[in-house]
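Topology and contacts: notes
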Protein chains: 2
Amino acid sequence: MSKPLIVQKYGGTSVGTLERIEHVADRIVKTRKSGIDILVVVSAMAGETNKLLEMARSLSQNPARREVDLLLSSGERISAALLALALQTRGIPALSMTGRQIGMQTDSTHTRARITNIDTQRARKLLEENHVLVVAGFQGINAEGDVTTLGRGGSDTSAVALAVALGARQCEIYTDVDGVYTADPRMVPQARRLDVVSYDEMLEMASLGAKVLQIRCVEFAHKYKMPLIVKSSFTEEDKGTLICEEDPKMEQPVVSGIMCDKNQAKITLKEVPDQPGIAANIFEPLASASISVDMIIQNVSEQGHTDLSFTLAREELDEAMVIMNKVAKNIHATQVIADAKIVKISIVGAGMRSHSGVAAKIFKTLSANDINILMISTSEIKVSCIVEQKHSRLAVNALHDAFDMASKPAKKSAKKKTAKKVRVV
Amino acid sequence: MSKPLIVQKYGGTSVGTLERIEHVADRIVKTRKSGIDILVVVSAMAGETNKLLEMARSLSQNPARREVDLLLSSGERISAALLALALQTRGIPALSMTGRQIGMQTDSTHTRARITNIDTQRARKLLEENHVLVVAGFQGINAEGDVTTLGRGGSDTSAVALAVALGARQCEIYTDVDGVYTADPRMVPQARRLDVVSYDEMLEMASLGAKVLQIRCVEFAHKYKMPLIVKSSFTEEDKGTLICEEDPKMEQPVVSGIMCDKNQAKITLKEVPDQPGIAANIFEPLASASISVDMIIQNVSEQGHTDLSFTLAREELDEAMVIMNKVAKNIHATQVIADAKIVKISIVGAGMRSHSGVAAKIFKTLSANDINILMISTSEIKVSCIVEQKHSRLAVNALHDAFDMASKPAKKSAKKKTAKKVRVV
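Computed from a predicted model, the values in this text were never measured in an experiment.

Thoughts on the sheet that holds strand E19 (residues 375–379) of chain A
Residues and elements named next belong to chain A.
- In space, the 4 strands of this open sheet follow the order E13-E18-E20-E19, with antiparallel pairing throughout. The strands lining the two open edges of the sheet, one partner per strand, are strand E13 (257–261) and E19. Each neighbouring strand pair of the sheet contributes to a mean axis angle of 15°, computed without reference to strand direction.
- Packing against the sheet, helix H6 (residues 199–207) makes contact with E13, strand E18 (342–348) and strand E20 (382–388), and its axis sits at approximately 175° to E18.
- Relative to the sheet, helix H10 (residues 358–368) contacts E18, E19 and E20, its axis offset from that of E20 by approximately 20°.

Some thoughts on the interface of chain B and chain A
- Counting residues at the interface gives 28 residues for chain B and 28 residues for chain A.
- Where the side of chain B that touches chain A is concerned, the elements lending two or more residues are helix H1 (18–33), helix H2 (48–59) and helix H3 (65–89) of chain B.
- The biggest single contributor to the side of chain B that touches chain A is H3(B), with 13 residues.
- In the side of chain B that touches chain A, the residues fall into 16 nonpolar, 9 polar and 3 charged.

Quick look at the pairing of strand E6 (residues 132–136) of chain B
Residue and element names in this part refer to chain B.
- E6 sits mainly inside the fold: 5 of its 5 residues count as buried.
- Every second residue of E6 is oriented toward a common face, with Val132, Val134 and Ala136 on one face and Leu133 and Val135 on the other, all of them buried.
- Where strand E2 (residues 37–42) lies against E6, 4 bridges are found, and the strand directions are parallel. When the sheet's bridge partners are listed, Val42 is paired in E6 with Ala136.
- As paired strands, strand E3 (residues 94–97) and E6 are joined by 4 bridges and run parallel to one another. The residue of E6 that forms the bridge with Ala94 is Val132.

Re the relation of the copies chain B and chain A
- If you rotate chain B by 180° and push it 0.0 Å along the axis, it lands on chain A with an RMSD of 0.1 Å. What we have between these two chains is a two-fold relation. When C-alpha distances to the rotation axis are compared across chain B, the minimum falls at B:Ser74, with a value of 2.7 Å.

A closer look at helix H7 (residues 215–224) of chain B
Residues and elements named next belong to chain B.
- Within the sequence span of H7, burial applies to Cys217, Val218, Phe220 and Ala221. Burial along H7 is one-sided: seen end-on, the buried residues are contained in an arc of 160°.
- Against helix H5 (154–165), strand E9 (170–175), helix H6 (199–207), strand E11 (228–232) and strand E12 (241–244) lie the buried residues of H7.
- One or two positions beyond H7, positive phi appears at Lys225, with a value near 55°.

Describing the domain arrangement of chain A
- When cut into domains, chain A gives domain 1 (5–249), domain 2 (266–339) and domain 3 (342–402).
- Placing a centre on the C-alpha atoms of domain 1 of chain A and another on those of domain 2 of chain A gives a separation of 41 Å.

Side note on the packing of H5(B) against H7(B)
All names here are of chain B.
- Where H5 contacts H7, the two axes come as close as 8 Å, and the packing angle between them is 10°. When the axes of H5 and H7 are compared, the pair comes out roughly parallel. Facing Asp156, Thr157, Val160, Ala161 and Val164 of H5, the residues of H7 in contact are Arg216, Cys217, Phe220, Ala221 and Tyr224.
- Of the residues contributing to the contact of H5 with H7, the split by class is 7 nonpolar, 1 polar and 2 charged.

About the criteria used
- Residues numbered from 1 in each chain as written.
- Chains lettered and ligands numbered in written order.
- Predicted model: local features only at pLDDT ≥ 70, side-chain atom pairs only at ≥ 80, totals over all residues.
- Pairing = 2+ DSSP bridges.
- Helix = DSSP H or I, 4+ residues; strand = E, 2+ residues; numbered from the N terminus.
- Axes fitted to C-alpha atoms, helices over the stretch in contact; angles between N-to-C directions.
- Contact = placed C-beta atoms within 7 Å.
- Nonpolar A, V, L, I, M, F, W, Y, C, P; charged D, E, K, R; others polar.
- Buried ≥ 20, exposed ≤ 12 C-beta atoms within 10 Å, placed from the backbone.
- Least-squares fit on C-alpha atoms with pLDDT ≥ 70 in both.
- Arc of directions from axis to C-beta.
- Domains from an automatic or database assignment.
- Parallel < 35°, antiparallel > 145°, perpendicular 65-115°, else oblique.

Structure below.
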């Protein structure tokens, strides 16, 4: 029987310079000594993809996606060849592989293709022959043999898909942070790295703006129950955050993480006539302009009129205001008010499913700190509140304390991390 | 029946910047208007290939050729995608194609692979559909599906091979010079661009150091009788040099070009015992060190001893001297003398086949200018002389005059060129 396989993915900053590539090679040599098979997926060197995109945009206002894919795929190929060379210098029988060579077949939706199949025949043979495969992430080929790319975070998706297809034991995502934190360490000094997060929690965190993993990659891992580990390639420490299935037998912390999304804005329409069809009149023009609305709140109607507020991404506020001012005239609303000085604070925890009182505790904590809640939305494992931006730091720290998130839920002692703590959740 | 096809190849300086790529696109638009099919082959942007090679060498003293091929092939892919985008912006239905996509199949000799077959099925279909194909030069794939590259001047070879496989009318090589000249214009102000050169002449010129075309590409064109045209992408003028078969019905100029190769050095062994096997004792150690010897001259033997001189590339002189000093001891030669201050002046002309007296005219001309000839070598269509370096400019100009090379052989008037005249022959 063949040896266990681990898939490791190194992001753009992890292979951003020749020095970093050498460092990654040293790390792989160490892992290799433990006698397991390794398949490595790499991103383009940091900055490369943007440089190529800028060139394309300077030649064409709306560059053809097929050509963009051929252009961008070069970045990962260069990283793969260079890392393979660095490994060979260290005596490791490494081989660089393009998306095509590793069997990554996709549909033809250029620049955001979906994986249709992975032909693992060659990869399995080469792994059997004891090679370390260094795969150019983010890319595949379609049925016509044209190069495609998988879109934002595509290399993470390549890694998880290959881990699944080759039956890897786990998929390790190496980046410039050493895991998923209870809160952004720049905002909350007591923030603690989480040892374990469930797929569901990670999906909520990712959709609430956690940059560490793309939603698509987590969805893929979740679907196929592939354990994901987020680690830093910049520290020697081997710990990270494991993203896996919820273990019903294990005691869950009630809340796992707290996020503060600053990319928020609110629009309020005053004295909207409270008639059927009014909501459609308001939100359809926004949908037509591809503006996504997040939370919506409607006050209790008074004398046939109501105030209506909704939130959206801050960069879409100006465009939305132009639309809303037109809509207000049509539906005879008296005023349109924009507010860009708000944030969305969210608490995520799979434990909420079995624990009540989380929302109540949030409201009580914020109230005790004289923080007014402007809007609220909840899901099964999440509570989000809109508050004024000036309160954000106080609110996040107060909630982090209230839910005792700095302490580990299990018996292990909560060691303070010294690793680089960049924005995680 | 399908339209006539022209293959155009643009070198590294021709696509060296985004501005140059736009310029090339404009040029293709013009050609396209004349209603012919076009397949374009591009090199990597000038400097890209060296940048990638340097990275590989900094990671590995002896980088694996398979990985180097994947690495280097990225450069041409980037150019191809960018030029295709620039053409699309101009309303041309262009498609970028990698070596694999255009069907370029090679053997597995990484970094200097030989083309084994070109599968033209897809290319023919796309050309029929009226596409302009923009092909990444220099690359193909082997039977295992790994990326290979064709070695020095590989994009020229890609272009000629595709022209042959697709039955193109001609193959145009765009570079930073506007053709093949009778002499290096920096050395001979009267140098004239040649309208036509035969394959045989071009092969001699290329092997004598003319940089404008690689030997391999000319050999390929010769073998399949594909007309080659060398043009500049930096001038608006549409003239260049046609390289084609000798036309026996046409009056040939006796000589076509004169070249001065400064990369020459001479070693002389004094008083070598004139015994059988001595030559082997001298030249085998050089061959083992991969040092190529060009001309060899042996004086008439006197009292069982002779002086022996040979020429070689100047950069190999030091290494060769170390070897020769050892050899001299073994064979009891009295002295080893190095001379790096020599040049090789060569006159090439297919007309020599039918005209005698060329060598005599050369000797007379040099003698009249008090230039001593150190060594001589001849072939069917070439005479080369080694002279002292200090005489090189005088020698070349005197010979250029003596053979009246500034005048066109035919009736057409010899218009003075204003185009950029960079080193050609």
